[in-house]
Amino acid sequence: MYTVKEKISPASRMLLLSAILISSLFSATSARAEVFYGVTVNGIFSVNSVTGGPATQVATFTPAIASGVTLATRPSDGMLFYLNSIAANPNLWRWDPSTPAVPPVLVGTPGATTTGIIRLGFDMAGNLFASNNVAPFNLWTLSPDTGAILNVVPLSGTIPVGGGDMCLHPTTGVLYLVANQNLYTMTSSG
């Protein structure tokens, strides 16, 4: 049996209940380690966002790729996709980080009209987008099953040239492009 020795004020009671709620939320969820992936001509690297660097090479390209590459992670299953070149007609590859000993698998090619692709990104629906940095400037939707071009949107306005990447906001669908030290947004109309 418990005995109340002192009455708790309503303000103190709310503070105590809030502290208990916050404490239970933090104890129910542990710190989740996010892994970020990057790609070079030699392979795929990972960096744990909780522990930080140094980067760990998780897949090796044998032989090494001759020119720049770009990488995107599919949100539904964490599968990594990359293009092995920025030249015309690059190959689209996929690699499963949950089975790191299995080498990357060739998916296909988008074709000779795709040149200078330096950015890849997925939206939450699993659509794979690619963007280039040479004229004519385009935004392509690629098939993650075959690598084929599903849709082409010509780009206009300030064209983001230079190295960078792209990402899509998971709830608004806004497409962000990074080019050198500049950040751009893109509409669905290009």
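Here the residue numbering is sequential within each chain, running from 1 through the sequence in written order. Totals for whole chains, interfaces and linings use every residue, but because this is a predicted model, local features are given only for residues with pLDDT of at least 70 and side-chain atom pairs only at 80 or more, for both listing and counting. Remark: hydrogens and water are excluded; side-chain values derive from all non-hydrogen atoms of the structure.

Caption draft 1: Representation of the overall build of the chain in the model. Scanning the chain from terminus to terminus reveals 1 helix and 14 strands. Looking at the chain as a whole, 33% of its 190 residues qualify as buried. In the chain, the share of contacts with a sequence separation of at least 24, taken over all contacts with a separation of at least 6, comes to 36%. Per-residue accessibility takes into account occlusion by the displayed protein chains alone, with areas from the Shrake-Rupley method and a 1.4 Å probe. Carbon together with sulfur atoms contributes 61% to the accessible area of the chain, which is approximately 11,500 Å² in total. Runs of E in the DSSP output that reach at least two residues are strands. Runs of H or I that reach at least four are helices, and both are numbered from the N terminus. A 1.4 Å probe rolled over the protein chains alone gives each residue an accessible area, and that area as a share of the maximum for its type sets the label: buried under 20%, exposed over 50%, partly exposed in between. In what follows, residue pairs with any heavy atoms lying within 4.5 Å of each other are defined as contacts.

Caption draft 2: Summary view of the pairing of strand S14 (residues 182-186). In short, DSSP must find at least two bridges between two strands for them to pair. Of the pairings in the sheet, the one linking strand S13 (residues 175-179) to S14 comprises 5 bridges and is antiparallel in character. If you follow leucine 177 over to S14, its bridge partner there is tyrosine 184. Here S13 hands over to S14 after 2 residues, with asparagine 180 in that stretch at a positive phi of 55°.

Caption draft 3: A look at the nonpolar core. Residues Phe81, Leu92, Leu120, Leu128, Ala130 and Leu142 are the most contacted members of the largest nonpolar core, which totals 13 residues. Mapped by element, the contributors of at least two residues to this core are strand S5 (80-83), strand S8 (117-122), strand S9 (128-132) and strand S10 (138-142). Take this core: its biggest share by element is 3 residues, from S8. The criterion is simple. A nonpolar core is a set of buried Ala, Val, Leu, Ile, Met, Phe, Trp, Tyr and Cys residues joined through side-chain atoms within 4.5 Å.

Caption draft 4: A look at the sheet that holds strand S3 (residues 52-60). Reading across from one edge, S1-S2-S3 is the order of the 3 strands in this open sheet, with antiparallel pairing throughout. Of all strands in the sheet, those bounded by a partner on one side alone are strand S1 (35-39) and S3. Geometrically, the sheet is characterised by an average inter-axis angle of 30° between neighbouring strands, direction not taken into account. Sheet topology note: the S1/strand S2 (residues 43-48) ladder contains 5 bridges and is antiparallel. Within S2, the residue paired with phenylalanine 36 across the bridge is valine 47. Note on definitions: angles span 0 to 180 degrees between N-to-C directions of axes, and those axes are lines fitted to C-alpha atoms, for helices only across the stretch in contact.

Caption draft 5: A look at the side chain of asparagine 132. Its location among the elements puts asparagine 132 in strand S9. Under the relative-accessibility criterion, asparagine 132 is labelled buried at 2%. Each polar contact in these results corresponds to two N or O atoms within 3.5 Å; when the atoms are within protein, one needs to be able to donate a hydrogen and the other to accept it, and residues that are neighboring in sequence are counted only if both atoms are side-chain atoms. From its side chain, asparagine 132 meets the backbone nitrogen of asparagine 138 in a polar contact 2.9 Å long.

Caption draft 6: Inspection of the packing of aromatic side chains at higher detail. The criterion for an aromatic pair is that two Phe, Tyr or Trp rings (for Trp, the six-membered ring) have centres within 6.5 Å, with stacked assigned to planes under 30 degrees apart, edge-to-face to planes over 60 apart and tilted to the rest. Scanning the model with the defined rule gives 3 aromatic pairs in all. With a centroid separation of 6.3 Å and an interplanar angle of 5°, the aromatic rings of tyrosine 82 and tryptophan 93 are classed as stacked. With tyrosine 82 in strand S5 and tryptophan 93 in strand S6 (residues 92-95), this residue pair connects regions lying 11 residues apart in the sequence. A relative accessible area of 3% places tyrosine 82 in the buried class. One aromatic cluster in this structure is built from Phe61, Tyr82 and Trp93.

Caption draft 7: Representation of the pattern of salt bridges. A side-chain nitrogen of Lys or Arg and a carboxyl oxygen of Asp or Glu constitute a salt bridge if their distance falls within 4 Å. All told, the structure shown has 1 salt bridge when counted by the stated rule. When the shortest N-O distance is used, the salt bridge between aspartate 77 and arginine 74 registers 2.8 Å. Look at aspartate 77 and you get partly exposed, because its relative accessible area is 41%. The exposure class assigned to arginine 74 is buried, which follows from its relative accessible area of 16%.

Caption draft 8: Geometry of the environment of alanine 130. Among the structural elements, alanine 130 can be located in strand S9. Classification of alanine 130 by relative accessible area gives buried; the value is 0%. Beyond its immediate sequence surroundings of up to four residues, alanine 130 is in contact with Ile117, Arg119, Leu120, Asn138, Leu139, Trp140, Leu142 and Met166.

Caption draft 9: Up close: the confidence of the model for the chain. Mean pLDDT over the chain works out to 75, with 77% of the residues at or above the 70 mark. Scored below 50 in pLDDT, residues 1-32 makes 2 contacts in the model with residues more than four places away or belonging to other chains. The pLDDT score gives, residue by residue, the confidence of the prediction method on a 0 to 100 scale.

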